[in-house]
Number of protein chains: 2
Amino acid sequence: MNYKMILEYDGTSYNGWQKQGNTERTIQGKLEELLKKLTGEDTEVAGSGRTDAGVHALGQVANFRLKEYREPEELLEEMNRYLPQDIRVLELKTASERFHSRLNALRKTYVYRIDRGDKPSVFYRKYRLAYGGPLDVERMKEAADCLLGTHDFKSFCANKRMRKSTVRCIHEIRIEEQQEVLSIYITGNGFLHHMVRIIVGTLLEVGSGEKPAACVQEALDQCDRAAAGQTAPPHGLFLLKVEY
Amino acid sequence: MNYKMILEYDGTSYNGWQKQGNTERTIQGKLEELLKKLTGEDTEVAGSGRTDAGVHALGQVANFRLKEYREPEELLEEMNRYLPQDIRVLELKTASERFHSRLNALRKTYVYRIDRGDKPSVFYRKYRLAYGGPLDVERMKEAADCLLGTHDFKSFCANKRMRKSTVRCIHEIRIEEQQEVLSIYITGNGFLHHMVRIIVGTLLEVGSGEKPAACVQEALDQCDRAAAGQTAPPHGLFLLKVEY
């Protein structure tokens, strides 16, 4: 039986989603270890995508297969009883045999949160980038518009030896200000390694005036990582939802 | 010169406000250590009251004296530059020589937050008590009403050998529900050791049906710690503001 689950996690103390041998503390590793204990079965928990070390999720989707049927509601409760407090299963359902969380994902939405206060809240220090300096948000929105649609995002990919296609489609970028928090929502059909964080880092350099708004279009054209801005730190980033 | 400051802190990794020798990690200890480094002066940072290990503050007030005058805005910035990320000075001003943060406090307000969801948010696990079971909030409000006004709160004091008066006045208790969060605001002229947490623990026992609403009046009458409920855990509690 194939199971689909929606997960929330605080990535602060993990080395990201993906298992890397047995020694690293990862979300995938924790889930597989627990499922082995609860069901006795070795199963692979496939995520819709990796999240980097320190990146959080409000709606990561993953699937796994079990030989023996387990009642989903019971399994969900049991998992939440034994999972560490920073990982939570929000939903667990049986899925069709063909369902694959990564291969079937149509759209993903991330949100990056920035604390604009001159005295950033201590309670959100692990969940928002503290950025006290001036930012021209209208300029950031203008620059973000160039990214919409289908482009080669090679300049926004951390993996310099990427052999597969670096063409992706961004459906929407929404920049919202609520009191002292600036949230950048990005929806696309898929994302390259560090792509969201490089987009955010570049938009921040445009907003602060370090770079002109036109640099985003130039970066797209040049297909060179050096043409884009810095990689924003991981702790402001949340995988918000995955659509199928 | 006497300085008054307003502080925000995440109490998770501290042994409370009050300094206890040099080995313990406390808020007061961190502040005094930093002020010594920045000014060269040994000064005592007097808080409006102690907060227990794990208790947070959104508006703790403290004062300290320096022999040499320091420009408040500059000192505030310097403090925030070097303080750990979980302590923040929100405001720093000079105060009259006679001002004392504890002795002059007229009213204090605490808030205790409870996450009522069956899947409590991982991001608030250190800032809200997870309490998924049923609660009769109207019953809790009714029970809370008996606590208003001036009473001997001996039953709600953790210190059994308290020699000073245990009479305090509670001005207001407000219980608010917002989505899955239940917030209990308590304002009074002063609070005994663990008083807010024992009140919250008792109200939770009333809400869950373990105890009748009348038990609160009985606890007040009996002046015996055993007559009140359990002490709620520290991590849901915030010192919200201190009025002078």
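As annotated in an unreviewed UniProt entry, chain A carries the name tRNA pseudouridine synthase A and comes from Diplocloster agilis. Its UniProt record gives chain A the following Sequence similarities (unreviewed entry) comment, quoted word for word: "Belongs to the tRNA pseudouridine synthase TruA family." You can read under Subunit (unreviewed entry) in the UniProt record for chain A the words "Homodimer."

### Things to note about the overall build of chain A
When you go through chain A residue by residue, the secondary structure sums to five helices and ten strands. Radius of gyration (C-alpha) of chain A: 19 Å, near the 18 Å computed for a compact globule of 244 residues. Taken along its principal axes, the extent of the C-alpha atoms in chain A is 60 × 40 × 30 Å. Burial statistics for chain A: of 244 residues in total, 53% are counted as buried.

### Some remarks on the pattern of salt bridges
All names here are of chain A. On inspection of all chains with the given rule, the structure shows 30 salt bridges over all chains. The partner of K19 in a salt bridge is E32, with the nearest N and O atoms 2.5 Å apart. Linking K19 in the loop between β1 (2–9) and α1 (27–39) with E32 in helix α1, this pair joins segments that are 13 residues apart in sequence. Given a relative accessible area of 8%, E32 falls into the buried group. A salt bridge links R128 to D115, with the shortest nitrogen-to-oxygen separation between them at 3.8 Å. Pair noted here: R128 is in the loop between β5 (107–115) and β6 (129–130) and D115 is in strand β5, with a separation of 13 residues, a long-range link. When sorted by exposure, R128 lands in the same class as D115, which is buried. If you follow the salt bridges from partner to partner, you end up with E172, R174 and E176 in one network.

### Observations regarding the packing of aromatic side chains
Under the definition given, this model contains 15 aromatic pairs over all chains. Ring plane angle 80° and centroid distance 5.3 Å describe the contact between F123 of chain A and Y127 of chain B, whose orientation is recorded as edge-to-face. With F123 of chain A in the loop between β5 and β6 and Y127 of chain B in the loop between β5 (107–115) and β6 (129–130), this pair bridges two chains. What makes F123 of chain A buried here is its relative accessible area of 9%. Residue classification places Y127 of chain B among the buried positions, given a relative accessible area of 9%. Judged by centre distance (5.3 Å) and plane angle (65°), the ring pair of F238 of chain A and F123 of chain B falls under edge-to-face.

### Here we look at the UniProt feature "domain: Pseudouridine synthase I TruA alpha/beta" (unreviewed entry) in chain A
Those residues carrying the UniProt feature "domain: Pseudouridine synthase I TruA alpha/beta" (unreviewed entry) are residues 7–95 and 143–244 of chain A in this numbering. Secondary structure over residues 143–244 of chain A splits into 24% helix and 30% strand, and the C-alpha atoms at its two ends are 29 Å apart.

### Considerations on helix α5 (residues 215–222) of chain A
Residues and elements named next belong to chain A. Those residues of α5 that fall on the buried side of the exposure criterion are C215, V216, A219 and L220. The arc enclosing the buried residues of α5, seen along the axis, measures out at 145°, which places them on a common side. Where α5 is buried, its residues contact α3 (137–145), β7 (149–152) and α4 (195–207).

### A few points about α1 of chain A
Note on helix geometry: an α-helix contains 3.6 residues per turn, so any two residues three or four positions apart are oriented the same way. All names here are of chain A. Between the first and last C-alpha of α1 there are 18 Å, a value that for 13 residues agrees with the 18 Å anticipated at 1.5 Å per step. Inspection of α1 places I27, Q28, G29, L31, E32, L34, L35 and L38 among the buried residues, and these make up the whole buried set. Contacts from the buried residues of α1 go to β1, β3 (56–65), α2 (72–82) and β4 (87–95). Its side-chain oxygen at 3.0 Å from the backbone nitrogen of G29, T26 defines the N-terminal cap of α1. Phi turns positive, to about 75°, at G40, one or two residues after α1.

Thresholds applied
Residues numbered from 1 in each chain as written. Chains lettered and ligands numbered in written order. Predicted model: local features only at pLDDT ≥ 70, side-chain atom pairs only at ≥ 80, totals over all residues. Heavy atoms only, no water. UniProt positions renumbered as here; feature names shortened; annotations may be inferred. Helix = DSSP H or I, 4+ residues; strand = E, 2+ residues; numbered from the N terminus. Rg over C-alpha atoms; globule rule 2.2 N^0.38 Å. Buried < 20%, exposed > 50% of the residue type's maximum accessible area, 1.4 Å probe, protein only. Salt bridge = Lys/Arg side-chain N within 4 Å of Asp/Glu carboxyl O. Phe/Tyr/Trp six-rings, centres within 6.5 Å; stacked < 30°, edge-to-face > 60°. Arc of directions from axis to C-beta. Contact = heavy atoms within 4.5 Å. Expected span 1.5 Å × (residues − 1). Polar contact = N/O pair within 3.5 Å; in protein donor to acceptor, adjacent residues only side chain to side chain.

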